[in-house]
Amino acid sequence: MSGSGFDATIGALNTSMNLRLMNQNVISSNIANADTPGFKAQKMEFEGALRQALAIDGNLQMETDHPEQMALSPTDPVQPAIFDDPNGIASLDGNTVNRGEEMARMVENQQLYEASAEMLKKKLGMLKYTITEGGGNR
Amino acid sequence: MDFFSSMRVSASGLEAQTKRMNTISSNIANAETTETDEGGPYKRKDPIFTAVTDKETFGEILQNQMDEKIQGVLVEDVHVDERPPRMVYNPSHPSANEEGYVAMPNVNTVEEMANMISAQRSYEANVTALNAAKAMAQKALEIGR
């Protein structure tokens, strides 16, 4: 794992925030289409995509034998699977969006995004503290 | 794939719900209209929503196929409700036919009210989604501050 050049946690937080942003897009699309006949609620597989991006899913990462070859790093854009929500119950017009569930997922997603952002901020603050030999204000 | 695509999607939702609200207002306002340009009583209108892929620029179209799953909403058409008019006996009315019946619009005020509440709630949900995206963007800007 080559990481972001600083440390693995920063790369992981970066990936997590990217995925949370994608999830936010998926959820707002569902909310916007809550009244569209025949629209199928979309769902993003967050945990699996993160695991894959951080290479902790047990699958081996691509090995590189040459420095110019690029291995997948945690900061590379990930392509999570987005699919029709299999648990969606179609209403009379064929729409499977559950507004309450979407709102709950959105709030959860937002809170976790902000938590990641806060942690990233703290991490970078610590780096700054080290760079300025403890002198700089954090 | 950025904050703005999420915001554009929510904005499309707001626009669609506003148009829906406009049609509902028009239906309620015309609940007693017996004469129209097309002839006959007013017929209630219904907006038809359709999901559209959020694509702003050519670059975004090229970007990746995942974006196709992020869909906004668009009022594709306004459907005219062809349910028969409500016949009300009122011989003194200028629009009454030979038997003394007036064709009143096929608008059911209760139905329109229920629709209006639904439109309002959907609008609020889109505002909440927009605010969530905004809060996230602001939090991201705070990194490194």
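This is a predicted model, so every value here is computed, not measured.

What counts and how
- Residues numbered from 1 in each chain as written.
- Chains lettered and ligands numbered in written order.
- Predicted model: local features only at pLDDT ≥ 70, side-chain atom pairs only at ≥ 80, totals over all residues.
- Heavy atoms only, no water.
- Helix = DSSP H or I, 4+ residues; strand = E, 2+ residues; numbered from the N terminus.
- Contact = heavy atoms within 4.5 Å.
- Areas by Shrake-Rupley, 256 points an atom, 1.4 Å probe, with all protein chains shown as cover.
- Buried < 20%, exposed > 50% of the residue type's maximum accessible area, 1.4 Å probe, protein only.
- Pairing = 2+ DSSP bridges.
- 1 Å grid on protein atoms, 1.4 Å probe; cavity = no way out; pocket = protein on both sides within 12 Å on 5 of 7 lines; lining within 4 Å.
- Points joined across faces, edges and corners; volume = space filled by probe spheres on them.
- Nonpolar A, V, L, I, M, F, W, Y, C, P; charged D, E, K, R; others polar.
- Buried area = accessible area lost by both parts, 1.4 Å probe.
- Salt bridge = Lys/Arg side-chain N within 4 Å of Asp/Glu carboxyl O.
- Polar contact = N/O pair within 3.5 Å; in protein donor to acceptor, adjacent residues only side chain to side chain.
- Core = buried A, V, L, I, M, F, W, Y, C linked by side-chain atoms within 4.5 Å.
- Expected span 1.5 Å × (residues − 1).
- Phe/Tyr/Trp six-rings, centres within 6.5 Å; stacked < 30°, edge-to-face > 60°.

K.L.:
How would you explain the overall build of chain A if you had to name every residue and give the values?
P.N.:
Helix and strand content of chain A: 3 helices and 2 strands. What you see in chain A, going N to C, is helices and strands ordered as α-β-α-β-α. Sequence-distant contacts in chain A: of pairs separated by 6 or more residues, those separated by 24 or more amount to 77%. When the accessible area of chain A is evaluated, it comes to approximately 7,700 Å², of which 56% is carbon and sulfur surface.

K.L.:
Break down the environment of R121(B) for me, with residues and values.
P.N.:
Residues and elements named next belong to chain B. Mapped onto the fold, R121 is located in helix α3 (residues 109–142). You can call R121 partly exposed: its relative accessible area is 46%. When the C-alpha atoms of R121 and Y101 are compared, they prove to be 39 Å apart, with 20 residues separating the residues in sequence.

K.L.:
For the pairing of strand β4 (residues 101–104) of chain B, give the residues involved together with the corresponding values.
P.N.:
Residues and elements named next belong to chain B. Side chains V102 and M104 of β4 all project onto a buried face; the interleaved residues Y101 and A103 project onto a face where none is buried. Note that strand β3 (residues 86–89) and β4 share 4 bridges and pair antiparallel. Bridge pairing links R86 to M104 in β4.

K.L.:
So what's going on with the layout of surface pockets? Residues and values would help.
P.N.:
As a volume, the largest pocket reaches approximately 320 Å³. Along its surface, the largest pocket is lined by 17 residues, and D35(A), P37(A), R20(B), D46(B) and P47(B) are the ones closest to its centre. Elements represented by at least two residues in the lining of the largest pocket include exactly α1 (3–29), β1 (45–53) and α3 of chain B. No other element matches β1(B), which puts 5 residues into the lining of the largest pocket. Grouping the amino acids of the lining of the largest pocket by side-chain chemistry returns 6 nonpolar, 4 polar and 7 charged.

K.L.:
How would you sum up the interface of chain B and chain A? Please name residues and give values.
P.N.:
With 36 residues of chain B at the contact, the number on the chain A side is 32 residues. For the pair chain B and chain A, the summed buried area comes to about 2,800 Å², and 65% of that belongs to carbon and sulfur atoms. On the surface where chain B and chain A come into contact, there are 3 salt bridges. Taken together, chain B and chain A are joined by 13 residue pairs in polar contact (both at pLDDT 80 or more). Within the residue set of the side of chain B that touches chain A, elements represented by two or more residues are α1, β1, β2 (71–80) and α3 of chain B. Looking at which element gives the most residues to the side of chain B that touches chain A, the answer is α3(B), with 13 residues. Its residues assigned to classes, the side of chain B that touches chain A shows 16 nonpolar, 14 polar and 6 charged.

K.L.:
Explain the nonpolar core residue by residue, including any values.
P.N.:
By size, the foremost hydrophobic cluster in this structure holds 18 residues, and its most contacted members are L19(A) and M44(A). Taken together, the elements giving at least two residues each to this core come down to α1 (8–32) and α2 (46–53) of chain A together with α1 and β2 of chain B. When near neighbours in sequence (up to four residues on either side) are disregarded, M44(A) contacts L19(A), M22(A), N23(A), V26(A), P80(A), A81(A) and I82(A).

K.L.:
For α1(A), give the residues involved together with the corresponding values.
P.N.:
Its 25 residues give α1(A) an end-to-end C-alpha distance of 36 Å, which sits within 8% of 36 Å, the value for a rise of 1.5 Å per residue. In terms of burial, α1(A) is largely enclosed, as 20 of its 25 residues are buried.

K.L.:
Can you lay out the packing of aromatic side chains for me, pointing to particular residues and giving the numbers?
P.N.:
With the rule as written, the count across this model stands at 2 aromatic pairs over all chains. Seen in terms of ring centroids, Y113(A) and F3(B) are 6.0 Å apart; in terms of plane orientation they differ by 85°. Their pairing is edge-to-face. Within this pair, whereas Y113(A) is found in helix α3 (residues 99–131), its partner F3(B) is found in helix α1, the two belonging to separate chains. Side by side, Y113(A) and F3(B) carry an identical accessibility label, which is buried. On the numbers, 5.3 Å between centres and 65° between planes, the contact of Y89(B) with Y101(B) is edge-to-face.

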